[in-house]
Structure formats: structure tokens, C-alpha cells
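# Summary of structural features
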Amino acid sequence: MKSSSLLLLSFLLGVCGVQGASSFRICAFNLHHFGESKVKKSNVVHTLARIITRCDVCLLQEVRDMKGKAVPQLLDHLNRYDPDHEYTSVASERLGRSSAYQEQYVFVYRTDTVSVTGQYQYPDDREGDVDAFSREPFIVRFKAPKTDIKEFVLIPQHTTPINTTKELDALYDVLQHVRKMWKTENVMLLGDFNADCGYLAKKNRKHVRLLTARNLYWLIPEKTDTTVRSSTSCTYDRIVVHGERFARSVVPTSAAPFNFQQAYRLSEDQALEVSDHYPVEVLLKGAADRVSLSVGTFLSLFVLKMLT
Ligand SMILES: *[C@@H]1O[C@H](CO)[C@@H](O)[C@H](O)[C@H]1NC(C)=O
């Protein structure tokens, strides 16, 4: 009895070590028309700061910052709200088929835990998938020495609802291109894929290689609501990981939407002022996790030996 409780204790020590180190968070957040009018509302920008500073890397979508002022102001807020880290960003050009409606992808990240080691704007007239996307992925490679995976690539996508099937399928080609270009298997695809409800019909799913291909792990469970409105329940926002190595360095079952309305006790209207989507998030295992696990195992064995 006594030895088993000691064993349990040392096992728990090991587990605690794992959880303590597993705090590297990647997020994807559709900000629903983020621009100057949003950044001027102090309650909205405060909530945004609370949400975004949870993340080591946060992909922002639907950034419509015409004069290029709203993103720098948001960064100022983040840095004031969370002085323990320094936040900066890397952004795509304005993307979209018509000049009347364009969006940018913006990655906000902590300079003390992550650095950018490459970026690549996927062109919009590639052979084979002529103009597949409304907003071609702006692909960024990150180095994060404190994570188990160390280095990874993020492919963002905010699909156009009526073209969801085609765009998701075309993302598979983007993935193959990036694997070859940067000789890496550690790729994550993330964003508001509109991958549910009326935009991705069941009968069309078999035509989407991003869904049917082996070696791709869709981490946000089906039937998870990533929308704020209580009248909708759709799993639009997704995180998909390529490769077994990357999948293993994700903290199991950590991928989920972050219900900021509930977490910060907002009314639906207050939450909708921020966005009509929840961010989706996933945790990566820390580089120390394996070490603390083996320390835990070692301790357990040691205690066992002492008692027998
Ligand atoms: C859907 O895709 C087609 C090209 O395949 C494009 O011509 C059309 O403009 C797209 N629709 C939207 C709303 O982007």
C-alpha cells in the first residue's frame, strides 16, 4: 500500500513536469473585420489582448487594416497588457479577388519563444490549380527551441464559403509544395476553413484530399462549435497537422476552441463585438517533456527498488 502510493507520487511528479513544460500554444482566430473601428473600442481591444496573449503564435484572419494602423495599435495593446513577453507580427499582403474586398493574414508571435525563419506567399496562378484561392496562403516557418518539435511550418487559410470544397482540396497541393520547398514534414494547416454545415457537404468530403489523405490529423473534433452565435453550431475553424512526428509532439486532446465569451463572462452581444468566431488552439509539448517523463519513470523505479 505504502510503496504503491509512493510510486503514484513519483509518477505524478513526472506528469506534473510534463504539464508544466507543455505551455506552447498555437492559435488561429478569425477576427471578423478587424480594422480601425475595432481597435478603437477599448473593451474589444482589451478582450483581444487577453485572448491573443494566451498564445505563443496566433494567426489572425479577416484583418482589414486599410491604412496599416490597426495592427500596430493592437501590438501596442498586447505588449502593454502582457509585459512578460514581447509580441511582434509578420503579415501577408492584402489578398482577395477584388480590390473592393481584401484581407490579410497576420501572425502575431512572442519574440522570446519563437522566431520566423522563412516566409512564402503562395502565388495565385499556379499551373494545375489556376486561381484556386481567394486568399492564397501566406506560409511561415517558425523556430521554437523550447518545443519538442523545434521547428514547424504554418499554412493559414480562410476559405471562401461557397468555394470551400475546392479550396480545401487545393490546400493539399500547397502542403506538397511546401514539404518539397523546405524539405520538412512538420507542417500545420490552420484557420477558418468553413469546413462544416452548409459549406462542406457530406457528399463532397470524399473529393477533398486534405480529408482523405493519409498522414493528416484533423485535431479539432467534429461537432465542436467554433462560432459565437448561440443560433449556430458549426466546426468551421480547424487545425490539421501533417506527419506522425508532428502529431506526436502535440499535447493529446489539447486542440479546442477557446470560448472567450464564457471565460470572460461576456454577453453574446459583447462577444460578437469581438468576433463571431472563437479562436481554435493547440498545445505543443515542450522540449523538456521527455526529460521530465524519464525523470518520473526513473524516480518510480528507484522508489520501487528501495522498497523491495
Ligand atoms: C470560386 O472559384 C472560382 C474559380 O474556380 C472563381 O472564379 C470565383 O470567383 C470563386 N468565388 C469566390 C466568391 O471567390
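First things first, this report covers the structure right here in the doc. (Residues numbered from 1 in each chain as written. Predicted model: local features only at pLDDT ≥ 70, side-chain atom pairs only at ≥ 80, totals over all residues. Heavy atoms only, no water.)

### Focus: the sheet that holds strand 10 (residues 216-218)
Read across the open sheet, the six strands follow the order 6-7-8-9-11-10; overall the sheet is mixed. Edge positions in the sheet fall to strand 6 (115-121) and strand 10, since each has one partner strand and no second. In this sheet, neighbouring strand axes are inclined to one another by 20° on average, regardless of whether the strands run parallel or antiparallel. Both strand 8 (residues 151-156) and strand 9 (residues 187-192) contribute to a ladder of four bridges, which runs parallel. When the sheet's bridge partners are listed, I155 is paired in strand 9 with L189. Contacts from helix 5 (residues 164-182) reach strand 6, strand 7 (138-143), strand 8, strand 9, strand 10 and strand 11 (237-242), with the element oriented near 150° to strand 8. (Pairing = 2+ DSSP bridges. Helix = DSSP H or I, 4+ residues; strand = E, 2+ residues; numbered from the N terminus. Axes fitted to C-alpha atoms, helices over the stretch in contact; angles between N-to-C directions. Contact = heavy atoms within 4.5 Å.)

### Considerations on the environment of V178
By the element assignment, V178 lies in helix 5. In this structure, the C-alpha to C-alpha distance between V178 and I139, residues 39 residues apart in sequence, is 8.4 Å. Excluding its chain neighbours within four sequence positions, the residues that come into contact with V178 are I139, V153, I155, K183 and V187.

### Concerning the packing of aromatic side chains
Each aromatic ring pair is specified by the distance between its two centres and by the angle formed by the two planes. Across all of its chains, the model carries twelve aromatic pairs by this definition. With a centroid separation of 6.2 Å and an interplanar angle of 75°, the aromatic rings of F24 and F152 are classed as edge-to-face. Highlighted residues: F24 in strand 1 (residues 24-34) and F152 in strand 8, separated in sequence by 128 residues. Judged by relative accessible area, which is 6%, F24 ranks as buried. The class of F152 is buried, set by a relative accessible area of 1%. (Phe/Tyr/Trp six-rings, centres within 6.5 Å; stacked < 30°, edge-to-face > 60°. Buried < 20%, exposed > 50% of the residue type's maximum accessible area, 1.4 Å probe, protein only.)

### Notes on the site of the ligand
Residues in contact with the ligand, as listed here, are R97, S134, T160, I162, N163 and K166. Here an oxygen atom of the ligand sits 3.1 Å away from a polar atom, N or O, in the side chain of S134. Taking K166, its side chain carries an N or O atom lying 2.3 Å from an oxygen atom of the ligand. Here the ligand loses 51% of its free accessible area of 360 Å² to cover by the protein chains. (Near = heavy atom within 4 Å. Polar contact = N/O pair within 3.5 Å; in protein donor to acceptor, adjacent residues only side chain to side chain. Areas by Shrake-Rupley, 256 points an atom, 1.4 Å probe, with all protein chains shown as cover.)

### Points about the pattern of salt bridges
Here the structure, examined in full by the defined rule, presents 15 salt bridges. Residue R54 pairs with E281 through a salt bridge whose shortest N-O separation is 2.7 Å. In this pair, R54 is assigned in the loop between helix 3 (42-52) and strand 2 (57-63) and E281 in strand 13 (residues 280-284), connecting sequence segments 227 residues apart. Owing to a relative accessible area of 24%, R54 belongs among the partly exposed residues under this scheme. With a relative accessible area of 4%, E281 lands in the buried category. D173 is the partner of R209 in a salt bridge, and the nearest nitrogen-oxygen pair spans 3.0 Å. Here R209 is found in helix 6 (residues 209-212), whereas its partner D173 is found in helix 5, with 36 residues between them in sequence. Sharing partners across several salt bridges, the network here consists of D196, R205, E222 and R238. (Salt bridge = Lys/Arg side-chain N within 4 Å of Asp/Glu carboxyl O.)

### Section: the environment of N163
Topologically, N163 is positioned in the loop between strand 8 and helix 5. With 31 residues separating them in the primary sequence, N163 and A132 have C-alpha atoms 8.8 Å apart.

### Quick notes on the state of the cysteines
One pass over the full model with this rule turns up two disulfides. In this model C27 forms its disulfide with C55; the gap between the sulfur atoms is 2.0 Å. Note on the C27 and C55 pair: the S-S dihedral is about -100°, so by sign convention the disulfide is left-handed. With C27 in strand 1 and C55 in the loop between helix 3 and strand 2, this residue pair connects regions lying 28 residues apart in the sequence. Taken in N- to C-terminal order, the disulfide-linked cysteines of the chain are connected 1-2, 3-4. No disulfide involves C58; its sulfur sits 4.2 Å from the nearest other cysteine sulfur, which is in C55. What makes C58 buried here is its relative accessible area of 1%. (Disulfide = S-S within 2.5 Å.)

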